[in-house]
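Descriptive structure summary
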Amino acid sequence: MGCFISTPNAPGETRRKPKNVGEIAVFVPGLRIPKPVDFAEPIGDELSRRLVERLSALRTRIVVMAGQEAPMATKPRRKATQHGGSTLADLQQALEDYLPILLGLVENGNQLQDKLQFPWLNQEDDAEETTMANSWYEILSVLQMMTMLSLSQANLLLLPKTSTDGYQSKVSVAAQNFISCKILSQLLKATISDSIPECRRESIDMFLKAAGYLDFAVNNVLPQLPPEIRKNLPMDLTEGVLRAFCMQSLGQGVDVQLGMAIDSVNATVAVKRRFACELVKYWHEAQENIVNLPLANGWGDKHRLFVRWKYAEAKAAAYYLHGLILDEGKTEGCSEMAAAALRAADEFLKESKMTCESFHMTPPLSRNPPLWGTSKYLSEKIPKDISSRLPVNPGPQNYEMILQTAPALPDFQLSLKPEDFILPSVDSSWKEN
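Residues numbered from 1 in each chain as written. Predicted model: local features only at pLDDT ≥ 70, side-chain atom pairs only at ≥ 80, totals over all residues. Heavy atoms only, no water.

Under an unreviewed UniProt entry, the name given to the protein chain is BRO1 domain-containing protein, and the organism recorded is Citrus sinensis.

Below, the structure is given as structure tokens:
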């Protein structure tokens, strides 16, 4: 059935982590790093020497690359490799190369499944290291690392290069064609300027890919683990954290879509509101999955604050855009329901900004990239409308009263789904063993 070992931090000792990770557009709690494994001794003569050497070589490659990449996982500058790609992409490829041969250890109830000890360094758990003698644990760890690499690539794609775009810029044809919501796609068929960076469209690819890995892991890998292994998984691999990251990935994909809609002169307020309301549901699900988890070690605290920040920002966007629709047709002032929605948007914007500041001040320190899309739009529009459109009698000022009087948000079906993912076929070398 497998066994496990969790290694706590020594008294007064903390695992190595950066003091400052620079600009963050996407939360990535570092990388869990695998430690070396001796495949030969526990396997003995049960596998051919060639197969053992392949297993060892592929995993050692990941150990070395992950150790080199981990300190740079959230840094804004990447170096291209000799093949022209990023080191993140090379590590992703190494993991994809390892999976087919690793799967041989669990195929058809392989008796070797529980013989190998797989040690990994954690990020969001109190225990510095968790070692488990279960090959499904190794598969789960690989999928989690593939997720974090995809989110790291999305983060880099959304960070500014040499200049930044405000919400006034226009959506590119490529970005328009990618947006999944059929309503928006139909509304953006007009010829529009090509000034939105292609990297935003590519970031959505990364978010969907990350969500796909996690969705598969939760539904197809976690159930393979015995109950005693599941209850002792490190926090990084618990169902709640994995589901939260899945919802975060989809939520940030929708946030990019909303930003592109805001940047488009052709997208209606109704389309923007739909994206914002969907965004609220994604971040609500993310928060529900981690609200009672004992996230720790700095990264865990930072994770919780990131979800709170983005959830509040999503609600600010949804209430503001809903208020605009409730007030359509009015040329002066603001209707009572629209005013209530605007007050709620203002409260959530303030909450978002305070939580954002707390997030960046929580070690490891970080900072916001220049605002664009949703964040820039809300920061400029809400204060302006509060001062110019609300009636002289400001109405309720108490936070609870403001939320109680706010109109209900419309309920839309979620349009963004995880990318389909399946495990690769078992490497053919197992048939030759």
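1. A look at the pattern of salt bridges
In this structure the tally under the stated criterion is 18 salt bridges. A salt bridge links lysine 35 to glutamate 129, with the nearest nitrogen and oxygen atoms 2.9 Å apart. Of the two residues, lysine 35 sits in the loop between β3 (33-34) and α1 (40-43) while glutamate 129 sits in strand β5 (residues 127-132), which places them 94 residues apart along the sequence. Where arginine 200 meets aspartate 263, a salt bridge forms, and the shortest distance between an N and an O atom there is 3.2 Å. Here aspartate 263 lies in helix α9 (residues 239-263) and arginine 200 lies in helix α7 (residues 198-221), a separation of 63 residues in the sequence. Taken as a pair, arginine 200 and aspartate 263 share a single burial class, namely buried. (Salt bridge = Lys/Arg side-chain N within 4 Å of Asp/Glu carboxyl O. Helix = DSSP H or I, 4+ residues; strand = E, 2+ residues; numbered from the N terminus. Buried < 20%, exposed > 50% of the residue type's maximum accessible area, 1.4 Å probe, protein only.)

2. Focus: the packing of aromatic side chains
One pass over the full model with this rule turns up 13 aromatic pairs. Between the aromatic rings of tyrosine 319 and phenylalanine 348, the centroid separation amounts to 5.7 Å while the plane-to-plane angle is 15°, which identifies the pairing as stacked. Here tyrosine 319, found in helix α11 (residues 299-326), pairs with phenylalanine 348, found in helix α12 (residues 336-361); they are 29 residues apart in sequence, far enough to count as distant. Judged by its relative accessible area of 4%, phenylalanine 348 is buried. Taken together, Phe27, Phe245, Trp283, Trp299, Phe306, Trp309 and Phe359 form an aromatic cluster joined through their ring pairs. Above the ring of phenylalanine 359, the side-chain terminus of lysine 302 is found at 4.3 Å from the ring centroid. Taking the ring centre of tryptophan 309 as reference, the NZ or CZ of lysine 310 above it sits at 4.3 Å. (Phe/Tyr/Trp six-rings, centres within 6.5 Å; stacked < 30°, edge-to-face > 60°. Lys NZ or Arg CZ within 6 Å of the ring centre and 35° of its normal.)

3. A few points about the confidence of the model for the protein chain
Of the residues in the protein chain, 80% reach a pLDDT of 70 or more, and the chain-wide mean stands at 84. For the protein chain, per-element mean pLDDT is lowest for helix α5 (residues 173-178), which scores 40, and highest for helix α10 (residues 269-290), which scores 97. Long-range and interchain partners of residues 10-15, a stretch whose pLDDT sits below 50, account for nine contacts in this model, where long-range means more than four residues apart. Between residues 162-195, whose pLDDT stays under 50, and residues either more than four places distant or in other chains, the model counts 77 contacts. (pLDDT = per-residue confidence, 0-100. Contact = heavy atoms within 4.5 Å.)

4. A short note on the nonpolar core
Grouped together as the largest cluster of nonpolar side chains are 131 residues, with contacts concentrated most on Tyr98 and Ile139. Ranked by residues supplied to this core, first place goes to helix α4 (residues 135-158) with 15 residues. (Core = buried A, V, L, I, M, F, W, Y, C linked by side-chain atoms within 4.5 Å.)

5. Brief notes about the environment of glycine 253
Position of glycine 253 among the secondary structure elements: in helix α9. The spatial distance from the C-alpha of glycine 253 to the C-alpha of phenylalanine 207 is 5.8 Å, given a sequence separation of 46 residues. Excluding residues that lie within four positions of it along the chain, glycine 253 makes contacts with Ile204, Phe207 and Leu416.

6. Some points on unusual backbone geometry
For the bond from proline 363 to proline 364, the omega torsion is -5°, close enough to zero to count as cis. For proline 364, the position within the fold is in the loop between α12 and β6 (365-367).

7. Some details on helix α13 (residues 373-389)
Quick reminder: α-helices carry 3.6 residues per turn. Residues three or four places apart thus point the same way. If you check α13, its first and last C-alpha atoms are 23 Å apart, about what 17 residues at 1.5 Å a residue would give, namely 24 Å. Looking at α13, one finds that the buried residues are Gly373, Thr374, Ser375, Tyr377, Leu378, Ile382, Asp385 and Arg389. Buried positions in α13, seen along its axis, are confined to an arc of 150° and lie on one side of it. Of the residues in α13, the exposed ones pointing more than 90 degrees away from the buried face are Lys384 and Ser387. (Expected span 1.5 Å × (residues − 1). Arc of directions from axis to C-beta.)

8. Comments concerning the pairing of β5
For a regular strand, side-chain orientation follows a simple rule: the groups alternate between the two sheet faces. Taken across its six residues, β5 has six buried, putting it largely inside the fold. Across four bridges, the pairing between strand β4 (residues 118-121) and β5 is antiparallel. Note that in β5 the partner of leucine 121 across the bridge is glutamate 129. (Pairing = 2+ DSSP bridges.)

9. With respect to the environment of proline 160
Among the secondary structure elements, proline 160 is positioned in the loop between α4 and α5. Note on proline 160: relative accessible area 22%, which makes it partly exposed. As a C-alpha pair, proline 160 and alanine 25 span 135 residues in sequence and 9.8 Å in three-dimensional space.

10. Section: the packing of α11 against α12
With their axes 7 Å apart at the nearest point, α11 and α12 run at an angle of 160° to one another. Classified by the angle between their axes, α11 and α12 sit roughly antiparallel to one another. The two elements α11 and α12 cross, and the hand of that crossing is left-handed. (Axes fitted to C-alpha atoms, helices over the stretch in contact; angles between N-to-C directions. Parallel < 35°, antiparallel > 145°, perpendicular 65-115°, else oblique. Left-handed = near helix turned anticlockwise from the far one by under 90°.)

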